[in-house]
There are 2 protein chains.
Amino acid sequence: MPADDAIRDARPRAAATLPSRAEDFPRWYQEVVARAELAENGPVRGTMVIRPWGYEIWERLQAAIDERIKAAGAHNAYFPLFIPEALMRLEAEHVEGFDPELWVVTHGGGRKLEEPVVVRPTSETVINHFFAKWVQSHRDLPLIVNQWCNVVRWELRPRLFLRTTEFLWQEGHTAHVDEADARAFALRILTDVYRDAMEEVAAVPVLIGHKTARERFAGAVRTWTCEAMMGDGKALQMGTSHELGVNFSKPFGIQYADAAGSLRYVWQTSWGASTRLIGALIMAHGDDFGLRLPPALAPVEVVVLCVREDDQVHRVASQLAEDLRRAGRRVHLDDRTDTGFGRRSVDWELKGVPVRVEVGPRDLARGEVTLVTRHTRTKEPVALGAVAGAVERICRGAAAELRAEALAFREGRTASVTSLAEVAEPGATGFARIPWRAVGEHGELELAAGALSVRCLQRADGGLAAPGEPDDALVAVVGRSY
Amino acid sequence: MPADDAIRDARPRAAATLPSRAEDFPRWYQEVVARAELAENGPVRGTMVIRPWGYEIWERLQAAIDERIKAAGAHNAYFPLFIPEALMRLEAEHVEGFDPELWVVTHGGGRKLEEPVVVRPTSETVINHFFAKWVQSHRDLPLIVNQWCNVVRWELRPRLFLRTTEFLWQEGHTAHVDEADARAFALRILTDVYRDAMEEVAAVPVLIGHKTARERFAGAVRTWTCEAMMGDGKALQMGTSHELGVNFSKPFGIQYADAAGSLRYVWQTSWGASTRLIGALIMAHGDDFGLRLPPALAPVEVVVLCVREDDQVHRVASQLAEDLRRAGRRVHLDDRTDTGFGRRSVDWELKGVPVRVEVGPRDLARGEVTLVTRHTRTKEPVALGAVAGAVERICRGAAAELRAEALAFREGRTASVTSLAEVAEPGATGFARIPWRAVGEHGELELAAGALSVRCLQRADGGLAAPGEPDDALVAVVGRSY
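By convention here, each chain's residues receive numbers from 1 onward along its written sequence. The order in which chains are written sets their letters, starting at A; the order in which ligands are written sets their numbers, starting at 1. Residue-level local features of this predicted model are given only where pLDDT is at least 70; pairs of side-chain atoms are given and counted only at 80 or more, and the full residue set underlies all totals for whole chains, interfaces and linings. Here the side-chain values reflect all heavy atoms present in the structure, with hydrogen atoms and water set aside.

**Student:** Can you help me understand the overall build of chain A in this one?
**Tutor:** Secondary structure elements are taken from DSSP: a helix is a run of H or I of four residues or more, a strand is a run of E of two residues or more, and numbering for both begins at the N terminus. Each helix and strand counted, chain A has 16 helices and 23 strands in total. The C-alpha radius of gyration of chain A comes to 25 Å, within 12% of the 23 Å expected for a compact globule of 482 residues. With the principal axes as the frame, chain A shows a C-alpha extent of 80 × 60 × 45 Å. Partly exposed describes any residue whose relative accessible area lies between the buried limit of under 20% and the exposed limit of over 50%, with all areas from a 1.4 Å probe on protein chains only and scaled to the type maximum. Counting every position in chain A, which comprises 482 residues, the buried fraction comes to 60%. Just to be clear, the radius of gyration here is over C-alpha atoms, and the globule rule we use is 2.2 Å times residues to the power 0.38.

Below, the structure is given as structure tokens:
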């Protein structure tokens, strides 16, 4: 057995320490988050520290979403964290939905405040307060703003990334001349921003559709959603785009003068996606050895590891790292040979780095290094001169392969049924597709009793309901949700 | 008089509506912020809405600073908004400094909290709580993290961008093996990140030095600062880099095992720059006609204006805009000919767009357009074929010219004096440079009575104090401050 391999086989097996997903998915998730140094709990219950490795993934997701939001015509802005309680209470359904989740500041500058202020759980109210000033004429429309910020909501059962007291997100808010323009924009965000970023960048396939009345956003007339299946068969809501109708423009008085000079209420949308997407990445792609990252989101795309202390090893590894950097990849050279190779190797695997290039003296004697593809866990000896090409091939193909794998997994765990009684079985391990007329509002209550819910409504072909199309003609996707 | 010029001369003069800086600088500032649509007051006292034009300037500043911070070796992360009161109280000087400024949450989820939480005014305490867990060995050092976030401080006299209850900033926090390494890093941030971004990107010349004990950050052993002169001769603190010594590592218990296995306290730094820099841009470069933006920070570098409705005008303007975009510039085509040309022209001037290309039928008949350089307000007829070259020339030269102008202004308003009695006169309109031994702590109190303060201490040649160099050998820069 060549020496390099002996060192490799001596490495601690991740499987020995990370619980398997099949055995205990929640604990597996928790361990991956902790051991890949993605995040940890903050000192105030439910809050979260996003550590550098997790945050850099977020920065990349953020850039992908931001680019698409701007292409849709939005401008970024920033609105205050603190919202006067009175403003928060202007839209009845909205306040009813958010009231139990509010965090309230009562003291400032050493004194009791005259009016308590709410720490924003979402910004419809404060933003619409300004829209009322900014919108005067039809020429001011559409008005499309987005903000990247933190929001805070009381959480009974917090879970890192998935449900935290404080999270980071973007929230877009728009005003349009009429219902058709608002709907078209809400759908554009759903498909061109969210679905596209999730599928093309995060490599997570999503179902799109709209929420039932029970599940929609407090204050919306229709909530469009992207839903993905996680590795345990449960559903995660990845991003939502709401049609708000005139629910906010009426209480906030957002009116414009049309071309004829008549005053009309604007039609609005709002839409958001959050750090929850990091949880989705972990759970959609992770395996029993840790995280698997699509290269576009990986803080490091290629790690070049020196297997052991050796001059030639170090020289070749440095050169390979430099060459790969020049080829435009994000590369890390791991030459910490005072730490065991096995431990370092397991760590990089856990952190989901797409490609490892292992440089050891025995391989080098044959003019080779060992390439390890994270998402397939395949190892291959590669001649030194062929490393750059092989890395490119892996990096270019990884996202499509991860996406195809996730899609096949979802399809394999989705069953079509016709009656409510048949939902429980497929619903226990994945999704059930069932005609909405076989569920209805009463059926939703029954599903909820079994910890199931309608994730979205869509056409039988997976398409979105057309304007005016009754829900009765649609299919409900039912599953357990995060 | 050609028709185009007649239209131009008919435009409302900005000077007629914007107060002049000489007349009322504070009102001029307020008006520029409002009318260039940079920001406005939020509904909770002292909070701020950053509007798209202001926010895009911030995004560009942020990118410039972030790039430099990362080049210095920092990784971005995110720490919670909410800090338990008890944690906030661990470092005595720190809490004493911040106590009067705190906003406190007492209720969450509909109930009174068991322990009140503070909305972060800065994050030393919560970050060091985690550093204590993360730092074990000398191999974990230096630990360099940065976060972009919002912070909240009670403000008695809020002013948009300059002093707001909530503002956006980055705060970096580091841990080092010893004092020398911490100091070197604090200085690297001061010069390679802050001074470089401010001078090279924002085109605002800064003085660097350290604060007197009276002016330094609560909890620091030394505060390094960048100070700039605004258009009214007052000083603005642009960014600070603090040496924290072991002031936080002791109460927070941040220790590492050195190579010999002995436990030692880490030496720390923290450093921040905020949305206040937008205020600096306005006040350092603005003139009586509004904002003047260095091209690198301008949301739009070139606006191509159709002087009036005309097919050929529109065709040529569109083509020019397209050509300039292809050359890599951020270009806006203003073809809203239903709004008067004069009004639009004044608006773009107010918003500080570096170059205007005015396309009118008379100029076109001569194969020309009119180019207006914002920072000099010069107009020149330019042949169509020469527009791209002329725009490049203006855009490449603008920052250096703005910087030189600001530097000349500062030098013109700085006087060297030798006694405290001589400070008042130059201090009333700019800076006085005076040997620190002629001021001293008692002198600082006297200065404060006259609304003056020591902005920084530096060597006579403008350099930074060397390690161990006594303050007595240094020069104090005295001025009125924002």
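This is not the end of the story, as more comes after the structure.
**Student:** Got a minute to help me understand the sheet that holds strand β5 (residues 103–108) of chain A in this structure?
**Tutor:** The strands that make up a sheet pair up through hydrogen bonds in the backbone, lying either parallel or antiparallel. Two strands pair if DSSP finds at least two bridges between them. Taken in spatial order, the six strands make up an open sheet running β4(A)-β6(A)-β5(A)-β5(B)-β6(B)-β4(B), and their pairing is antiparallel. Looking at which strands have only one partner, the edges of the open sheet turn out to be β4 (82–84) of chain A together with β4 (82–84) of chain B. The mean angle between the axes of side-by-side strands here comes to 45°, regardless of whether they run parallel or antiparallel. Relative to strand β5 (residues 103–108) of chain B, β5 of chain A runs antiparallel, the two being bridged by five bridges. All axes are obtained by fitting lines to C-alpha atoms, using only the stretch in contact for helices, and the reported angles, taken between N-to-C directions, cover 0 to 180 degrees.

**Student:** I would appreciate a short explanation of the relation of the copies chain B and chain A in the present structure.
**Tutor:** Both copies of the chain are tied together by a single rotation about an axis and a shift running along it. Superposing chain B onto chain A requires a rotation of 180° together with a translation of 0.0 Å along the rotation axis, leaving an RMSD of 0.0 Å. One copy is carried onto the other by what is essentially a two-fold rotation axis. Among all C-alpha atoms of chain B, that of V105 of chain B lies closest to the rotation axis, at 2.0 Å. Here the copies are superposed with least squares, the fitted atoms being C-alpha atoms of residues at a pLDDT of at least 70 in both.

**Student:** Honestly, the nonpolar core in this entry has me stumped. Any pointers?
**Tutor:** Nonpolar side chains tend toward joint burial in soluble globular proteins. In these notes, a set of buried Ala, Val, Leu, Ile, Met, Phe, Trp, Tyr and Cys residues joined through side-chain atoms within 4.5 Å is what counts as a nonpolar core. Judged by nonpolar contacts, the single largest core of 74 residues is most densely connected at L38, W53, F161, M230, M238 and I282 of chain A. It is helix α8 (residues 179–201) of chain A that contributes the most residues to this core, nine residues altogether. Any two residues whose heavy atoms approach within 4.5 Å at even a single point are treated as in contact. The contact partners of I282 of chain A, leaving out residues within four places of it in the chain, are W28, Y29, V32, V33, L38, F161 and L291 of chain A. By size, the runner-up hydrophobic cluster in this structure holds 73 residues, among which are L18, W28, I144 and L281 of chain B.

**Student:** Explanation requested: the environment of T378 of chain B in the structure shown.
**Tutor:** All names here are of chain B. Of note, T378 is situated in strand β19 (residues 378–383). Each C-alpha atom of the pair T378 and L141 lies 54 Å from the other, and the pair is 237 residues apart in sequence. Apart from residues lying up to four places away in sequence, T378 is in contact with L371, V372 and T373.

**Student:** Which parts of the structure should I look at to understand the pairing of β5 of chain A?
**Tutor:** Regular strands show a simple pattern: their side chains alternate between the two faces of the sheet. Residues and elements named next belong to chain A. Burial analysis of β5 places five of its six residues in the buried class, which makes it a mostly covered element. In terms of strand pairing, β5 meets strand β6 (residues 111–119) through five bridges, oriented antiparallel. Within β6, the position partnered with H107 by the bridge is K112. Joining the antiparallel neighbours β5 and β6 is a turn of two residues, in which G109 adopts a positive phi near 60°.

**Student:** Can you walk me through the interface of chain B and chain A in this structure?
**Tutor:** Quite often, the size of an interface is put as the accessible area lost when its parts meet. Listed per partner, the contact involves 56 residues of chain B and 56 residues of chain A. Salt bridge, as applied in this entry: a Lys or Arg side-chain nitrogen positioned within 4 Å of an Asp or Glu carboxyl oxygen. Between the two partners, chain B and chain A, sit six salt bridges. Note that K70 of chain A is salt-bridged to E59 of chain B, the shortest N-O span being 3.1 Å. For the purposes of these results, a polar contact is taken to be a pair of N or O atoms within 3.5 Å, where, inside protein, one atom must be able to donate a hydrogen and its partner to accept one; residues adjacent in sequence count only when each atom of the pair is a side-chain atom. If you look at where chain B meets chain A, you find 24 residue pairs in polar contact (both at pLDDT 80 or more).

**Student:** Please explain the packing of helix α3 (residues 25–35) of chain A against helix α10 (residues 276–285) of chain A as it appears in this structure.
**Tutor:** To characterise two packed helices, one gives the angle between the axes of the helices and the distance between these axes. Residues and elements named next belong to chain A. Taken N-terminus to C-terminus, the directions of α3 and α10 make an angle of 120°; their axes are 11 Å apart at the nearest point. Between α3 and α10, the interaxial angle falls into the category oblique. Where α3 crosses over α10, the two elements pack in a sense that is right-handed. Contacts from F25, W28, Y29, V32 and V33 in α3 reach G279, I282 and M283 in α10. The nonpolar class holds Ala, Val, Leu, Ile, Met, Phe, Trp, Tyr, Cys and Pro. Asp, Glu, Lys and Arg form the charged class, and all remaining residues, Gly among them, are polar. Looking at the contact of α3 with α10 residue by residue, the class counts come to seven nonpolar, one polar and no charged. Geometric relationships in this document are graded by angle, where less than 35 degrees denotes roughly parallel, more than 145 denotes roughly antiparallel, 65 to 115 denotes roughly perpendicular, and other angles denote oblique. For any pair of crossing helices, the crossing counts as left-handed if the nearer helix is rotated counterclockwise from the farther one by less than a right angle, and right-handed if it is rotated clockwise.

**Student:** What is the right way to look at the side chain of E171 of chain A in this model?
**Tutor:** Residues and elements named next belong to chain A. Counting through the fold element by element, E171 comes out in strand β8 (residues 166–176). Despite its burial, E171 remains without a salt bridge, the nearest opposite charge being carried by R120 at 5.0 Å. Among the polar contacts made by the side chain of E171, one reaches the side chain of W169 at a distance of 3.3 Å. Within the local environment of E171, its side chain forms a polar contact with the side chain of H173, the two groups lying 2.8 Å apart. The charge count treats Lys and Arg as positive and Asp and Glu as negative. His and the chain ends do not count.

**Student:** What is the right way to read the sheet that holds strand β19 (residues 378–383) of chain A from this model?
**Tutor:** Residues and elements named next belong to chain A. On the basis of which strands lie adjacent, the open sheet formed by five strands has the order β16-β15-β17-β18-β19 and mixed pairing. The open sheet has two free edges, formed respectively by β16 (331–334) and β19, since each of these has just one partner strand. Taking the axes of each pair of neighbouring strands and ignoring which way they run, one obtains an average angle of 20° across the sheet. Across five bridges, the pairing between strand β15 (residues 302–306) and strand β17 (residues 355–359) is parallel. From the neighbouring strand, C306 faces β17, where its bridge partner is V359. On the sheet, helix α12 (residues 341–350) packs against β15, β16 and β17 and is oriented at approximately 175° with respect to β15. Against the sheet, helix α14 (residues 387–412) touches β15, β17, β18 (368–373) and β19, its axis set at about 5° to β18.

**Student:** Which parts of the structure should I look at to understand the domain arrangement of chain A?
**Tutor:** Residue and element names in this part refer to chain A. Domain delimitation in this document rests on an assignment produced automatically or drawn from a domain database. Here the domain parsing of chain A yields domain 1 (3–16 + 291–401), domain 2 (25–285) and domain 3 (413–479). Taking only C-alpha atoms into account, the centre of domain 2 sits 25 Å from that of domain 3. Taken together, the 23 residues of domain 2 in the interface contact 23 residues of domain 3. Here domain 2 and domain 3 share an interface that buries about 1800 Å² over both sides, 60% of which is from carbon and sulfur atoms. Our count for the domain 2 to domain 3 interface comes out at three salt bridges. Between R455 and E227 there is a salt bridge, with its nearest N and O atoms 3.2 Å apart. Once two parts are put together, the accessible area they lose, assessed with a 1.4 Å probe and summed over both, is termed the buried area.

**Student:** What am I meant to see in the packing of aromatic side chains here?
**Tutor:** Geometrically, a pair of aromatic rings is defined through the distance of the ring centres and the angle of the planes. Pairing of aromatic side chains requires ring centres within 6.5 Å, counting the rings of Phe and Tyr and the six-membered ring of Trp. Pairs whose planes differ by under 30 degrees are stacked, by over 60 edge-to-face, and all others tilted. Tallied over the full model, the rule gives 26 aromatic pairs over all chains. When the ring of F25 of chain A is compared with that of W28 of chain A, the centres are 5.1 Å apart and the planes differ by 40°; the resulting orientation is tilted. A residue pair is termed a helical-turn pair when its members lie 3 or 4 positions apart in one helix, as F25 of chain A and W28 of chain A do in helix α3 at three residues. Taken together, F79, F130, F131 and W134 of chain A form an aromatic cluster joined through their ring pairs. Lying across the ring of Y482 of chain A, K234 of chain A places its NZ or CZ 4.4 Å from the centre. The ring of W28 of chain B is capped by R21 of chain B, whose NZ or CZ atom sits 5.9 Å from the centre of that ring. Charges are assigned to positions over rings by a cutoff of 6 Å between ring centre and Lys NZ or Arg CZ, combined with an angular limit of 35 degrees from the ring normal.

**Student:** Would you mind going over the packing of helix α4 (residues 52–71) of chain B against helix α10 (residues 276–285) of chain B with me for this structure?
**Tutor:** Residues and elements named next belong to chain B. Packing of α4 against α10 brings their axes to within 10 Å, and their N-to-C directions diverge by 110°. One finds that α4 runs roughly perpendicular with respect to α10. Touching G54, I57, W58, L61 and I65 of α4 are L277, I278 and L281, all from α10. Among the residues making up the contact of α4 with α10, the classes are represented as seven nonpolar, one polar and no charged.

**Student:** How should the environment of V387 of chain A be read in this particular structure?
**Tutor:** Residue and element names in this part refer to chain A. Looking at where V387 falls in the secondary structure, it is placed in helix α14. Residue classification places V387 among the buried positions, given a relative accessible area of 1%. For the pair formed by V387 and T370, sequence separation is 17 residues and the distance between their alpha carbons is 9.2 Å. Those residues in contact with V387, other than ones at most four positions away along the chain, are L320, V357, V369, L371 and V382.

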